[in-house]
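Here's the letter readout for the chains.
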Amino acid sequence: MIDDARLDVLTDEELARRPFDELVVALQQTVQRLEGGNAGLEESIKLYRQGLRLHGACETRLREAELTITELGRRGVTGAEPEPADEG
Amino acid sequence: MTNQPSLWDRQPEEPQEEPGPAAETQPAARSAPRILRVTDLNRRVRSLLDSDSVLADVWVEGEVSQPSFPPSGHCFFTLKDANSQVRAALFREELARAGMRPAHGMNVIIHGRVRAYEPQGVYQLYVDSITAAGAGDLHARYEALRKQLAAAGLFEEGRKRPIAHWPRRIGVVTSPVGAVWRDINNVLRRRYPLVELILSPSVVQGTTAAPAIVRALQRLYAQRDLDTIILARGGGSLEDLWSFNDERVVRAVAEAPVPIIVGVGHESDVTLADFAADLRAPTPSAAAELATPDAVQLATVIGRLRERATAALLGRAVERRTFLDAERRALAGLAPDIGAARQRASDLLDRGTRALDERLARRRMVIESALATLHTLSPAATLERGYAVARTPGGRILRDATEIGAGDPLQVIVARGSVDTRVERTRADGTEELLT
């Protein structure tokens, strides 16, 4: 997970490479802390900035995502003969 | 004889005859026997068979014997059981649709109709569908295995694990060719392209499918960091899907180390592997959808989080202002003390003023006595004591007798009024004598 201390040192590029779910969770936590109301005004502003960064990283990830596919045991596939195309 | 109209040919010409079963035989019984041509006979038999609604729509079970596949693409065989046999014809189109090739000794269930084949004087089964018999057996085996595996606890609800909401890696076991793999790809590309797909390919049809599926699953089980596994196959006949009812496959599904979604066939196809899965998907595409969140919705969710952050920050600012307002009010609440201080200050000032006034008053008294002293020293007071002041016409006070001569005017000022005189004579000395 991404903690606050690491958030501060991570560059935007590094942040954008974090797993998407981590980014969303960090964003959720940031928002919850903001909403919690325990933070002072300055701390709130810091949290807000942090939220904006995480939001930007999430958006970038969504926008640039491309499905990656790995096929296991390509050589060892004995069942590689084509089956009739399924209609389902 | 050959010119004699046959009974068959004549029949339409005898509409006056009573219709009914006896109508056709009565003339023959009454007169000489009618001799039929073979063609007529066969046509009559065909007509008879064609008019039988049961024979037009019949299911027959039997064993295939001596099938032949001539170049025409059709298939002819004999269907038999222990006591009887019947010829069967499976035309090219139906053969292609059947998805199986009749083989000698195979037990099959056939649907079709019975017709006469006039040129050969035979009746045969015209097959429109053929399936391997034992489908009934399959069902019985399915039920038996279902009960057995259910008793072993493989299908229990308590075993089912929740599917990861945000999968990073999804393993898929299916055939790498065909529509299913393509469909899964398309769904995920559209829905959640953030995910990494690990394909463990397998045949999913035929007798080798069951062990192949088990191997493919186990290859995935050896992978690390998989969040979800999908086992998928397209629709097909009960036989096609049978490997998903194979005990080895069902047990392998139940052993999945991570949550597994099974999507086999169509919605109505429920295999034992479905029961053993953590989640059953009605179709392979549905499996891909159930395995992933929708990125379009995610964008909305993320947008809302940002809005919430903004709202919270604004809330903090408003709260802060409210707090400041409260502080101001609290300070206002301290005002009476300031008043008191002011009162104290005012008192102090009053006391100061009073002290000053007293000092001033004392000063004034000192000044007044000084003035009184000064007053005693003034010329008026001297005059009052009887002295006079003599002034020359130039206004000078006369202090020396030599400064004036006889006959000069002189003004003498006394305590009350003045006297204008002229000098008779002057003396330069003897002042002290005169004053005593």
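Residues numbered from 1 in each chain as written. Chains lettered and ligands numbered in written order. Predicted model: local features only at pLDDT ≥ 70, side-chain atom pairs only at ≥ 80, totals over all residues.

(A) Quick peek at the overall build of chain B. When you go through chain B residue by residue, the secondary structure sums to 14 helices and 13 strands. The buried share among the 436 residues of chain B stands at 24%. Contacts in chain B between residues far apart in sequence, at least 24 positions, make up 62% of those at least 6 positions apart. (Helix = DSSP H or I, 4+ residues; strand = E, 2+ residues; numbered from the N terminus. Buried ≥ 20, exposed ≤ 12 C-beta atoms within 10 Å, placed from the backbone. Contact = placed C-beta atoms within 7 Å.)

(B) Spatial organisation of the overall build of chain A. Helix and strand content of chain A: four helices and one strand. Starting at the N terminus and ending at the C terminus, chain A contains elements arranged as α-α-α-α-β. Within chain A, the fraction of its 88 residues that count as buried is 27%. Intrachain contacts of chain A at a sequence separation of at least 6 include 62% that bridge at least 24 residues.

(C) Examining the confidence of the model for chain A more closely. For chain A, the average pLDDT comes to 75, and 75% of its residues sit at 70 or higher. Per-element confidence in chain A is highest for strand β1 (residues 68-71) of chain A, whose mean pLDDT is 90, and lowest for helix α1 (residues 4-9) of chain A, whose mean pLDDT is 66. (pLDDT = per-residue confidence, 0-100.)

(D) Expanded view of the pairing of strand β13 (residues 418-422) of chain B. Residue and element names in this part refer to chain B. By the criterion of burial, β13 is predominantly exposed, with just zero of the five residues buried. Bridging between strand β12 (residues 409-413) and β13 involves five bridges; their strand directions are antiparallel. Looking at β13, one finds that P409 is bridged to R422. Hairpin connection of β12 to β13: four residues between the antiparallel strands, including G417 at a positive phi of 95 degrees. (Pairing = 2+ DSSP bridges.)

(E) Expanded view of the pairing of strand β7 (residues 196-201) of chain B. Most of β7(B) sits inside the fold, with five of its six residues counted as buried. Bridge analysis of β1(A) against β7(B) gives four bridges, and the strand direction is parallel. Bridging across to β7(B), I69(A) finds its partner in L197(B). Judged from the six bridges that link them, strand β6 (residues 169-174) of chain B and β7(B) form a sheet pairing that is parallel. Along β7(B), the bridge assignment pairs V173(B) with S200(B). With helix α6 (residues 179-191) of chain B bridging β6(B) and its parallel neighbour β7(B), the resulting β-α-β unit is right-handed. (Right-handed = clockwise from strand over helix to strand, strands pointing away.)

(F) Seen up close, the interface of chain A and chain B. Chain A puts 38 residues into the contact, and the matching count from chain B is 47 residues. Sorting the residues of the side of chain A that touches chain B by element identifies α3 (20-36), α4 (41-64) and β1 of chain A as the ones contributing at least two each. Looking at the side of chain A that touches chain B, the element that brings in the most residues is α4(A), giving ten residues. Here the side of chain A that touches chain B is built from residues that sort into 18 nonpolar, eleven polar and nine charged. (Nonpolar A, V, L, I, M, F, W, Y, C, P; charged D, E, K, R; others polar.)

(G) The arrangement of the sheet that holds strand β9 (residues 260-264) of chain B in detail. Here we have six strands laid out as an open sheet, ordered β1(A)-β7(B)-β6(B)-β8(B)-β9(B)-β10(B), and parallel in their pairing. Single-partner strands in this sheet number two, and they are β1 of chain A together with β10 (279-281) of chain B. Neighbour-to-neighbour, the strand axes of this sheet turn through a mean angle of 20 degrees, independent of strand direction. Taken together, the three bridges between β9(B) and β10(B) define a ladder with parallel strand orientation. Bridge pairing links I261(B) to L279(B) in β10(B). Sitting on the sheet, α6(B) is in contact with β6, β7 and β8 (228-233) of chain B, with an inclination near 140 degrees to β8(B). (Axes fitted to C-alpha atoms, helices over the stretch in contact; angles between N-to-C directions.)

(H) The nonpolar core, seen in detail. Residue and element names in this part refer to chain B. In this structure, I213, I230, L231, V253 and A273 are the most contacted members of the largest nonpolar core, which totals 72 residues. With eight residues, helix α7 (residues 209-221) is the largest single contributor of residues to this core. Apart from the residues within four sequence positions on either side, I213 is in contact with V173, S202, V204, S243 and V249. Counting twelve residues, the second-largest nonpolar core is a separate cluster that includes V64, L79, A88 and V108. (Core = buried A, V, L, I, M, F, W, Y, C linked by C-beta atoms within 7 Å.)

(I) How the structure looks around the sheet that holds β13(B). All names here are of chain B. The strand order β11-β12-β13 describes an open sheet built from three strands, whose pairing is antiparallel. Single-partner strands in this sheet number two, and they are β11 (389-391) and β13. Across the sheet, the axes of successive neighbouring strands diverge by a mean angle of 25 degrees, strand direction being ignored. Bridge count between β11 and β12: three bridges; the pairing is antiparallel. Residue pairing across strands places A390 opposite V412, the latter belonging to β12.

(J) Just the environment of Q124(B), in detail. Residue and element names in this part refer to chain B. Relative to the assigned elements, Q124 resides in strand β5 (residues 122-132). A C-alpha to C-alpha distance of 5.3 Å links Q124 and A88, two positions 36 residues apart in sequence. When near neighbours in sequence (up to four residues on either side) are disregarded, Q124 contacts V86, R87, A88, A89 and Y117.

(K) Layout of the confidence of the model for chain B. All names here are of chain B. With 88% of its residues at a pLDDT of 70 or more, chain B has an overall mean of 83. This stretch, residues 5-25, has a pLDDT under 50; its non-local contacts, to residues over four places away or in other chains, come to 14 contacts. This prediction of the complex comes with two scores: 0.52 for pTM and 0.76 for ipTM.

(L) Local environment of α6(B). Residues and elements named next belong to chain B. Over its 13 residues, α6 runs 18 Å from end to end, which matches the ideal 18 Å to within 8%, given 1.5 Å per residue. Inspection of α6 places V180, W181, D183, I184, L188 and R191 among the buried residues, and these make up the whole buried set. Within α6, the buried residues cover an arc of 160 degrees as seen down the axis, which keeps them to one side. (Expected span 1.5 Å × (residues − 1). Arc of directions from axis to C-beta.)

(M) Inspection of unusual backbone geometry at higher detail. Residues and elements named next belong to chain B. In this structure, Q66 takes a positive phi of about 50 degrees despite not being glycine. You can see Q66 is positioned in strand β1 (residues 58-68). At D225, a residue that is not glycine, the phi angle is positive and equals roughly 65 degrees. Take D225: it is sitting in the loop between α7 and β8. Given 9 C-beta atoms within 10 Å, D225 falls into the exposed group.

(N) Broad picture of the packing of α7(B) against helix α8 (residues 247-254) of chain B. All names here are of chain B. Where α7 meets α8, the closest approach of the two axes is 8 Å, and the angle between their N-to-C directions is 15 degrees. One way to sum up the angle between α7 and α8 is to call them roughly parallel. For the pair α7 and α8, the sense of crossing is left-handed. Contacts from A210, P211, I213, V214, L217 and Q218 in α7 reach R248, V249 and A252 in α8. Here the contact of α7 with α8 is composed, by residue class, of seven nonpolar, one polar and one charged. (Parallel < 35°, antiparallel > 145°, perpendicular 65-115°, else oblique. Left-handed = near helix turned anticlockwise from the far one by under 90°.)

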